[in-house]
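Structure at a glance
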Amino acid sequence: MRLEDASDVAELCGQLGYPAQTHEVERRFDTLAKLDDAQVFVAENASGRVVGWIHVYIVHFVDSDAQGELGGFVIADGMRGKGVGRALLAAAERWTLQAGCQAVRVRSQIMREAAHGFYEHLGYAYVKTQKNFHKVIRDGTV
Ligand SMILES: CC(C)(COP(=O)(O)OP(=O)(O)OC[C@H]1O[C@@H](n2cnc3c(N)ncnc32)[C@H](O)[C@@H]1OP(=O)(O)O)[C@@H](O)C(=O)NCCC(=O)NCCS
């Protein structure tokens, strides 16, 4: 990904279910681009328009070896089912291997059944279902 992809990437954030403004994606990418252990890959059509993106990063644990994890991953409506997702996932896996890790994990919402079939088709094993908790923290709440 390059900074100038931010507008296209932001539009696809909406298709993933996480609407974002271009300036927000620019700010986030500015941080991501400085990290050694994170990468965002994009797929472009012949006109140079971004038609898919994948975010992968390395997670470090105490109780198991480091591994790659997918952050966001989406292919544009109308471009799905053409092999673009396979190509982006392969790029993320190659990058993870080069980072010295032997596994990639992805946490995917329970209703994304089409994506689950995609992952299983490409060699990912269903491991477990989890509940996801979230807390907004401010001074005085911690
Ligand atoms: C899931 C997603 C990323 C897959 O990308 P895609 O470009 O549509 O997938 P591809 O065309 O590259 O498919 C690759 C292979 O998976 C197979 N596949 C795709 N969906 C499948 C399914 N539900 N069940 C079984 N196989 C499936 C394809 O047939 C293809 O097989 P082949 O290469 O052996 O012929 C894309 O559909 C998408 O953006 N979905 C909406 C957002 C989303 O759910 N993101 C994932 C969040 S965790």
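For the structure given in this document, a descriptive report is provided here. (Residues numbered from 1 in each chain as written. Predicted model: local features only at pLDDT ≥ 70, side-chain atom pairs only at ≥ 80, totals over all residues. Heavy atoms only, no water.)

1. Some thoughts on the pattern of salt bridges
- If you walk through the whole model with that rule in mind, you get eight salt bridges.
- Measuring nitrogen to oxygen at the nearest pair gives 2.7 Å for the salt bridge that ties Glu69 to Arg107. Here Glu69, found in strand 3 (residues 67–75), pairs with Arg107, found in the loop between strand 4 (104–105) and helix 4 (113–121); they are 38 residues apart in sequence, far enough to count as distant.
- On the basis of relative accessibility, which here comes to 2%, the residue Glu69 falls in the buried class.
- One salt-bridge network, held together by shared partners, links Arg2, Asp5 and Glu44. (Salt bridge = Lys/Arg side-chain N within 4 Å of Asp/Glu carboxyl O. Helix = DSSP H or I, 4+ residues; strand = E, 2+ residues; numbered from the N terminus. Buried < 20%, exposed > 50% of the residue type's maximum accessible area, 1.4 Å probe, protein only.)

2. Comments concerning the site of the ligand
- Ile75, Gly83, Gly85, Arg86 and His121 are the nearest of the 19 residues found near the ligand.
- A distance of 2.7 Å is found between an oxygen atom of the ligand and a side-chain nitrogen or oxygen belonging to Arg86.
- Between the ligand and His121 there is a distance of 2.7 Å, counted from an oxygen atom to a side-chain nitrogen or oxygen.
- Burial of the ligand by the protein chains amounts to 70% of its free accessible area of 950 Å².
- Taken together, the elements giving at least two residues each to the shell around the ligand come down to strand 3, helix 3 (84–98) and helix 4.
- Counting residues per element, the shell around the ligand draws most heavily on helix 4, at six residues.
- Split into classes, the residues belonging to the shell around the ligand amount to nine nonpolar, six polar and four charged. (Near = heavy atom within 4 Å. Polar contact = N/O pair within 3.5 Å; in protein donor to acceptor, adjacent residues only side chain to side chain. Areas by Shrake-Rupley, 256 points an atom, 1.4 Å probe, with all protein chains shown as cover. Nonpolar A, V, L, I, M, F, W, Y, C, P; charged D, E, K, R; others polar.)

3. Concerning the pairing of strand 2 (residues 50–59)
- The buried fraction of strand 2 is high, at ten of ten residues.
- Here seven bridges tie strand 1 (residues 38–44) to strand 2, and the two strands are oriented antiparallel to one another. Opposite Val42, over in strand 2, you have Trp53 as the bridge partner.
- Here strand 1 hands over to strand 2 after five residues, with Gly48 in that stretch at a positive phi of 85 degrees. (Pairing = 2+ DSSP bridges.)

4. What to know about the environment of Gln15
- Within the element layout of this structure, Gln15 appears in helix 1 (residues 6–16).
- On the basis of relative accessible area, Gln15 is assigned to the partly exposed category, the value being 29%.
- Those residues within four positions of Gln15 in sequence are excluded, and the remaining contacts are Val74, Ile75, Ala76, Asp77 and Arg80. (Contact = heavy atoms within 4.5 Å.)

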